[in-house]
Amino acid sequence: MQKKRVFLTRTLHDFALKELRKKYQIEVHSGKIPIPKNILEKKIKNIDGLICFPYDKIDDTMMDMAENLKAISTYSVGFDHVDITHAKKKKIRVGYTPEVLTDATADLAFSLMMDVMRRVTEGDKIIRKGSWRQIYGAYDYVGLDLQGKTLGILGLGRIGSTLAKRAKAFDMKLVYHSRNRVSKTREKALGIKYVSWEKLITQSDVISIHVPHTTQTDKLFDAKIFKKMKKSAVLINTARGKVINEKDLVLALKKNIIAGAGLDVFETEPISNTHPLTKLDNVVLAPHIGSSTKETREEMARLTVKNLNLGILGKKPIYSVGY
Ligand code: DGY
């Protein structure tokens, strides 16, 4: 019997490819990343399964080109790049990779927060530039304590809750705002208080974003919101870049409307070294590495393959959205 066809928009770990080769006829895109739309349109035509990444746009038109597609397995927790409604209509299974990357992503959000507040990267740049002149002065390279500060978490899902546990250990005060309020028992266990959106943005010393990018969250953080935030506030984003109006953020950071930001995600990725954010000292930038630890990326690969296997059989992936 002819093996089913699987296409990967870029390579995965060798063990994952080996596993896939046992079952399928696989093809791995090795050219430009993200894969150009016209190439994917050609490839998707005859495949049974697709492994994709968060920057591959799998919209309705793309799916309509596929004649046999049964499963889309994305190597990410975010699935805003896949038109889930259309996949459901076409009975295409969609798998994604939550849980396994929760700790790694919460750790990165925490690292960015610490880095911005203690100015570690800024100091590193000062030394590398050869500009470390003053040693140990009262006002030199002064950062902020985490202890006693209020961390406002937007979106208390897996990653938001894990960040809360980290911050608790650093004696931060915790508040959150979420579409759905969690149970009182869970709030108590995490030592976190539910607040309105208005309170979250006006009372937090640090705001960490943990919501997906949707029509409701598109450019949610804009000039109007930055003006309402504390002048000393720090914004952390490890979720999706499009939740922030990036132009407004650059202005807010330049004019010290807010104090700083730690960003792992951007409106369009990758950003270049001429991007306006790279000109600012009060922002720490990371190249979308929330889930990027050896252990986590391997787990994600395992899960991506398992999700695909189930989807191709017409079964629900372990972590599934839509149909
Ligand atoms: C994802 O998997 O969607 C995240 O962006 C990882 O950092």
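Residues numbered from 1 in each chain as written. Predicted model: local features only at pLDDT ≥ 70, side-chain atom pairs only at ≥ 80, totals over all residues. Heavy atoms only, no water.

### Considerations on the sheet that holds strand S13 (residues 320-321)
Let me state the cut-off plainly: When DSSP locates at least two bridges between a pair of strands, those strands are taken to pair. The helix count covers DSSP runs of H or I at least four residues long, the strand count covers runs of E at least two residues long, and both are numbered beginning at the N terminus. Throughout, a residue-residue contact means that at least one pair of heavy atoms, one from each residue, lies within 4.5 Å. Only the contacting stretch of a helix is used when fitting its axis, a line to C-alpha atoms as for every element, and angles between N-to-C directions run 0 to 180 degrees.
One open sheet holds the 6 strands; their spatial order is S2-S1-S3-S4-S5-S13, and the pairing between them is mixed. Across the chains shown, the open sheet's two edge strands, defined by having one partner strand only, are strand S2 (24-28) and S13. By the bridge criterion, 3 bridges tie strand S1 (residues 4-8) to strand S3 (residues 49-52) in an arrangement that is parallel. The residue of S3 that forms the bridge with Phe-7 is Leu-50. Against the sheet, helix H1 (residues 14-23) contacts S1, S2 and S3, and its axis sits at roughly 135 degrees relative to S2. Sitting on the sheet, helix H12 (residues 294-312) touches S1, S2, S3, strand S4 (71-74) and strand S5 (93-95), and the angle it makes with S4 is about 170 degrees.

### Here's the deal with the packing of helix H5 (residues 102-118) against helix H7 (residues 158-169)
Stated formally: Between 65 and 115 degrees an angle is taken as roughly perpendicular, under 35 as roughly parallel, over 145 as roughly antiparallel, and anywhere else as oblique. Left-handed describes a crossing whose near helix is turned anticlockwise from the far helix through less than a right angle; right-handed describes the clockwise counterpart.
One way to put it is that H5 packs onto H7 with a least axis distance of 8 Å and a crossing angle of 55 degrees. Between H5 and H7, the crossing angle belongs to the class labelled oblique. As for the relative orientation of H5 and H7, their crossing is right-handed in sense. Here Thr-102, Asp-103, Thr-105, Ala-106, Asp-107, Ala-109 and Phe-110 of H5 lie close against H7, whose contacting residues are Arg-158, Ile-159, Thr-162, Leu-163, Arg-166 and Ala-167.

### Topic: unusual backbone geometry
Leave glycine aside and you will find that most residues have negative phi; peptide bonds, for their part, are mostly trans. The omega torsion of the bond from Ile-33 to Pro-34 falls at -10 degrees, within 30 degrees of zero and hence cis. Summarising the element assignment, Pro-34 is placed in the loop between S2 and helix H2 (37-44). Residue Pro-270 follows Glu-269 across a cis peptide bond; omega there is -5 degrees. In this structure, Lys-91 takes a positive phi of about 55 degrees despite not being glycine. The topology assignment puts Lys-91 in the loop between helix H4 (84-89) and S5.

### Overview of the pairing of strand S10 (residues 234-237)
What counts, and what does not: Here's how the labels work: a residue is buried when its accessible area is under 20% of the maximum for its type, exposed when over 50%, partly exposed in between, all with a 1.4 Å probe on protein chains only. We call a crossover right-handed when, viewed with the strands running away from us, the connection from the first strand over the helix to the second turns clockwise.
Of the two faces of S10, the one holding Val-234 and Ile-236 and the one holding Leu-235 and Asn-237 are both buried throughout. Pairing of strand S9 (residues 206-209) with S10, which is carried by 4 bridges, proceeds in the parallel orientation. Each bridged residue has a counterpart across the sheet, and for Ile-209 the counterpart in S10 is Asn-237. Chirality of the crossover, the property in question, places the unit of S9, helix H10 (residues 223-228) and S10 among those that are right-handed. In the sheet, S10 pairs with strand S11 (residues 260-263) via 4 bridges, with the strands oriented parallel. Across the sheet, the residue bridging to Asn-237 is Leu-263, located in S11. The parallel pair S10 and S11 is bridged by helix H11 (residues 246-254), and the resulting crossover is right-handed.

### Considerations on the domain arrangement of the protein
As a reminder, the rule being used: An automatic or database domain assignment is the source of the domain bounds shown. Defined here as a combined quantity, buried area equals the accessible surface (1.4 Å probe) lost by two parts on assembly, summed across both. For salt bridges, the criterion is a side-chain nitrogen of Lys or Arg within 4 Å of an Asp or Glu carboxyl oxygen. Each polar contact in these results corresponds to two N or O atoms within 3.5 Å; when the atoms are within protein, one needs to be able to donate a hydrogen and the other to accept it, and residues that are neighboring in sequence are counted only if both atoms are side-chain atoms. Ten residues, namely Ala, Val, Leu, Ile, Met, Phe, Trp, Tyr, Cys and Pro, are considered nonpolar, four, namely Asp, Glu, Lys and Arg, are considered charged, and the remaining ones, Gly among them, are considered polar.
Looking at the assigned domains, one finds that the protein contains domain 1 (4-100 + 295-321) and domain 2 (101-285). If you average the C-alpha positions of domain 1 and of domain 2, the two centres end up 31 Å apart. Counting from both sides, the interface comprises 11 residues of domain 1 and, opposite them, 6 residues of domain 2. When the two sides are added together, the surface that domain 1 and domain 2 hide from each other amounts to roughly 760 Å², 50% of it contributed by carbon and sulfur. Close ionic contact of Arg-158 with Glu-99 constitutes a salt bridge, the shortest N to O distance being 3.3 Å. There are 4 residue pairs in polar contact (both at pLDDT 80 or more) connecting domain 1 and domain 2. When its residues are assigned to classes, the side of domain 1 that touches domain 2 shows 6 nonpolar, 3 polar and 2 charged.

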